[in-house]
2 protein chains.
Amino acid sequence: MPPSNLRPVDPARIRFTGGFWADRIGLVRDVTVPALLRRLDEEGWLETLAFDRAPAPLVRPVQASGLSMQHFFDSDIGKWIEAASLAMLAGGRDGRLEERIDAIAERYAAGQMPDGYLNSWFIRREPGRRWTNLRDWHEMYSLGHLVEGAVAYTRATGKRRLLEVVSRAVDHAIATFGPLPSQRRGYDAHAEMELAMVRLHDLTGDPRHLAFARYLVDERGRMPSYFDEEARARGQDPADYHYKTYAYSQAHKPVREQAEVVGHAVRATYLYAAMADLARADGDAALAAACGRLFDRLVSRQLYVTGGIGPSADNEGFTREYDLPNATAYAETCAAIGLGLFAHRLDSLALHGRHADIVETVLFNGALAGLSADGEHFFYDNVLESAGQHRRWRWHYCPCCATNIARFMAGAGQFVCSAGSDTVAVHQYASCEADLDVGGRPVRLVQATDYPWDGTVRLRLVPDTPRRVALLLRVPGWSRSATLTVDGQAVDAGPLTQDGYCRIDRHWSGGEEVVLRLAMLVERLHAHPAVAADAGRQALRRGPVVYCVEECDVGMDPRRIRLPADAALGPRFDPDLPGGGAVVVEGTALAAVDEDWSGLYRTEPTRLATCALRAVPYYLWANRAEGAMAVWLPQA
Amino acid sequence: MPPSNLRPVDPARIRFTGGFWADRIGLVRDVTVPALLRRLDEEGWLETLAFDRAPAPLVRPVQASGLSMQHFFDSDIGKWIEAASLAMLAGGRDGRLEERIDAIAERYAAGQMPDGYLNSWFIRREPGRRWTNLRDWHEMYSLGHLVEGAVAYTRATGKRRLLEVVSRAVDHAIATFGPLPSQRRGYDAHAEMELAMVRLHDLTGDPRHLAFARYLVDERGRMPSYFDEEARARGQDPADYHYKTYAYSQAHKPVREQAEVVGHAVRATYLYAAMADLARADGDAALAAACGRLFDRLVSRQLYVTGGIGPSADNEGFTREYDLPNATAYAETCAAIGLGLFAHRLDSLALHGRHADIVETVLFNGALAGLSADGEHFFYDNVLESAGQHRRWRWHYCPCCATNIARFMAGAGQFVCSAGSDTVAVHQYASCEADLDVGGRPVRLVQATDYPWDGTVRLRLVPDTPRRVALLLRVPGWSRSATLTVDGQAVDAGPLTQDGYCRIDRHWSGGEEVVLRLAMLVERLHAHPAVAADAGRQALRRGPVVYCVEECDVGMDPRRIRLPADAALGPRFDPDLPGGGAVVVEGTALAAVDEDWSGLYRTEPTRLATCALRAVPYYLWANRAEGAMAVWLPQA
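Small disclaimer: the values here were computed from a predicted structure and weren't measured.

A. Representation of the interface of chain A and chain B in the model. The partner chain B presents 48 residues to the 48 residues of chain A that form the contact. Buried surface at the junction of chain A and chain B, both sides included, amounts to about 3500 Å², of which 57% is carbon and sulfur. Per-residue buried area on chain A facing chain B is highest for P529(A), L600(A) and Y601(A); these three make up 21% of the total on that side. Summed over the shared surface of chain A and chain B, the result is ten residue pairs in polar contact (both at pLDDT 80 or more). Of all elements in the fold, only helix 11 (285-301), strand 15 (522-527), strand 16 (537-542) and strand 21 (601-602) of chain A reach the threshold of two or more residues within the side of chain A that touches chain B.

In structure tokens form, the structure reads like this:
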């Protein structure tokens, strides 16, 4: 497809009108956002913004390694503000919440250094060390999240105080870092400032903001490395770098030359997302090509079936291609979110259904698993198999995933649809109303569906006056059979479908009902033969939802189950599951029994006995009872 | 069986006369021992014994964590001396080697502190910190290995200089630590001194040595913990202990109360082995019961099929029962060795074939894999599945396994047989001659066999004068069919066999030939259903040898192979394999092919194509070419 002129829907202009996402955004608004605020209070994070007082002892001491997560807790305050703001955009303003955020803004304003520098850790605790370690200390990353929070807060409330404070800090960063002789040629090892500058530019239109994002992206990976120079300036040997290679931060070579997906998975996806933003803003073909190359590589060789990425805890990131272990999967919630942000932005370069397929996979599986059904417990890493030792946590020494999943879910509306001059593209199916600007004139998109439990979606396009608009409906990659009616007339979707979207180009008066029916079958997935961890195994999926088997549902360790080739498996909606119920997959399978076992190894095959199989959506796991879990089941 | 009065053969009185172990001990003597000496020179370890000079800069700097392996490198000097001495016992004295060891002894003598304290790290580099951290710094562990080295050297050469030096250090330790008010109630968190004291007592007969071992074993796990007191004395908070629990060192409760196998696997097995030594020496039923309980638990729930133990790198040790991941198996070479030492000692408490079964499994698989076929490259951790990233190393920042596998293999003779007042028990089959003391009179045991490639063993018992002796022959747990002839007459082994040993109780004049024929079949092993990592998989074993499939033998990643239930698999001796050839297992299997694959997941099953299967002994892996490896193959 040619370069896309599509722009995602403004989060302020879309409302979920019931169903899956309305429920979840309600949960984030009603439970997660207030719970996270309590955590920030309890952990002393907001106290640290009392710049007029001497800092209190740390609630959590800095580790001997010197790598303190607390250097970057401004980032989580920023993500929390963004989550709260998006929740207000979705569900209405909230005076008490605004009071707290306004107070935070005032604290930042009071503590900001005269030159604009803003970071609560360094200002209060280590002022002499500011901007001395962009490799490890995340100062731009932290500021970037504060910027994203401030932009969202301004959009939600119109208030500009926090925006002014962070904009001064941005001005200071722009003055400090850049290619001029008077500047330092630094960039943050953890991408995020790049994304924030694009977001800020969207609000301000200030070309300096976009230019700074461009500088940061272009500077990354230039040799000799700024991180080397900076280490020497600190009196350290660059060779002592803990992670040994700047590939950890995708800073081992210029971004346009990168063809392999390496390093820390969150850093990678944030960077790639920013590259996509810039490629669009600048019409930069080389950058767009790099984005496409990296996306293809990532999703074809390094992606868990859940949308999780980054298998290893060692580098919180990527290892060898096809290395996707289940029991030790790191698959950080933030990394799945980053993948969603990246995939979503690719539609601004060229529309293709595989981008929204990935967003969908992440939304319903790899990211959503990071938040509990009760809205206040979290997973950082997301294994695909557990002996039962995994527990969702209330708080974490590095709680990045908690604030991130809150802002990601609260902002889910951004992924639903986009509009061009004469086009409306629907990427995600959910009951909602979206007010779109299509070529300067308003068009309302209305969806009604029980997605993801049912594949029937009823849509209407309501222009202000009847007009011709091309409605593009994504036909998901998992769909085997899509049927379409327009005003009750069957339409053959096949010939209309290209690159994953079915194009209905016609006049709309507003009364026409489009009905898309996606057959949702319980399917068995097989992994590529190079994925050793899944050899001889199958995973269950229905529609966009990947399933797992939990011990509490089958009364035994689900890792004993073997799936016969002919096992009949069927869906059933279970209203008693947390979060408003869910479709479960039920049937009969076999289970390895140990009654006749004595030792650990023997030559006689293990006896298999018939057992009832019940699988629940992966995102629901570890919500009801402690126990083992498995996504991939060996075939019988 | 009643308590055993069997004593293992004196390593000085057994000679391998050709075949598998003769070859390997020759390799250790000719290659490994000299290579390790070169490494000790290159790494500056022997320089550190120049107590008359200021210490040179460290070849490898101490890590920021403060946990330096170099605190305990005396232990590796001790293990190297033990290996060199055992190699001399097996193959004859060696003047040049003795010169080096004598020089080391003189250096230790010159550096020893006036009160007898001996540790090259603390004397030269941190004299003020000696005996201040038994929890982390391994001073007794290091001394223990020096003692074992000195005992072996004395046995091999008759020289006593090193023995005198270490004995003075032992006297100092005994004076320093103990239950008297004038003493400190300390013990080393890493068991080893206990084993060394028993070994020293065997040579000296000094009851103080046995008493010190007894003190150390009894003191372990007593609350309040000495390690807490010691941490406070250093001004540290015991709660800051890196490993969080003293179960890491099996010091969480008194050893007689321990029923679960926990913590660091080498520490555990060294401790258990010492407990077995003391249970025998003291007739301590409670200690013997604890040994039996721990052994049963370990081998029935925590043992890799290779004899490896301790799945986790985090604690270099045990996790949950049945947690035996293949690709991330830690299974430290030293831990397999420790298991061998422990299992072997249990026969001194009660003879049962399962003890020598485990020793055999370790000898031919989990431990032997730690040494390369060229004799100078090593594995520390021993995975059972690899994507190809594993390489044997020439040296390691913690080279404990290199010196340990050298001494273990050089001392393999100790495991072969043992003798009581009227009994000779044969535990391991290998061509050898052993001169045993049977009730005060000499009996020679002669074995001739091509074990482990052929299950036929010809044995003779040659007493000085004809006499009645019970010959006990182990019938391995893996054996499905054992036939026996004595002087050509078939004997029904079944009724004679109890607890894994076939008892031939008769007069021997010396000319009788006993022939034991153990059918060696290629067998498929299945793991207990609770071992999730092996669900739906099979491993190949023939006799005591466990097999693996290497990429270089099958021309593809072996993790793509599926084993059909009806695949015919047969053995063939391949003389071209390193180390004198080996029996390989060959046949036909299926392999997952990816020609028709595009993405990463799909609903169509993967196509399987017929492929040639070739499996080699696990111990041989990573000797020929880089590449992937798998022990457990999914069934087709």
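Once the structure has been displayed, the description carries forward.
B. Structural view of helix 7 (residues 193-204) of chain B. Residues and elements named next belong to chain B. Given a rise of 1.5 Å per residue, twelve residues ought to cover 16 Å, and the 16 Å separating the end C-alpha atoms of helix 7 matches this to within 8%. Where helix 7 is buried, its residues contact helix 5 (139-157), helix 6 (161-176), helix 8 (207-219), helix 10 (265-282) and helix 12 (333-346). Once helix 7 finishes, G205 follows within two positions and takes phi at roughly 70°, a positive value.

C. Local environment of the environment of Y270(B). Residues and elements named next belong to chain B. Structurally, the position occupied by Y270 is in helix 10. In this structure Y270 comes out as buried when scored by relative accessible area, which is 1%. Taking C-alpha positions, Y270 is 14 Å from C400, a pair spaced 130 residues apart along the chain. Discounting chain neighbours no more than four positions away, the residues touching Y270 are Y141, H145, H190, A191, E192, L195, C334, G338, L341, N404 and R407. Within the structure, Y270 has its side chain in polar contact with the side chain of N404 (distance 2.8 Å).

D. Inspection of the sheet that holds strand 2 (residues 14-16) of chain A at higher detail. Residue and element names in this part refer to chain A. Taken together, the seven strands give an open sheet; going across it, the order is 2-6-7-8-14-10-11, and neighbouring strands pair in antiparallel fashion. The open sheet has two edge strands, strand 2 and strand 11 (489-491), and neither has a second partner. Taken pair by pair, the neighbouring strands of this sheet meet at an average axis angle of 25°, ignoring direction. Relative to strand 7 (residues 441-449), strand 6 (residues 432-438) runs antiparallel, the two being bridged by seven bridges. Note that in strand 7 the partner of A434 across the bridge is L445.

Calculation rules
- Residues numbered from 1 in each chain as written.
- Chains lettered and ligands numbered in written order.
- Predicted model: local features only at pLDDT ≥ 70, side-chain atom pairs only at ≥ 80, totals over all residues.
- Heavy atoms only, no water.
- Contact = heavy atoms within 4.5 Å.
- Buried area = accessible area lost by both parts, 1.4 Å probe.
- Polar contact = N/O pair within 3.5 Å; in protein donor to acceptor, adjacent residues only side chain to side chain.
- Helix = DSSP H or I, 4+ residues; strand = E, 2+ residues; numbered from the N terminus.
- Expected span 1.5 Å × (residues − 1).
- Buried < 20%, exposed > 50% of the residue type's maximum accessible area, 1.4 Å probe, protein only.
- Pairing = 2+ DSSP bridges.
- Axes fitted to C-alpha atoms, helices over the stretch in contact; angles between N-to-C directions.

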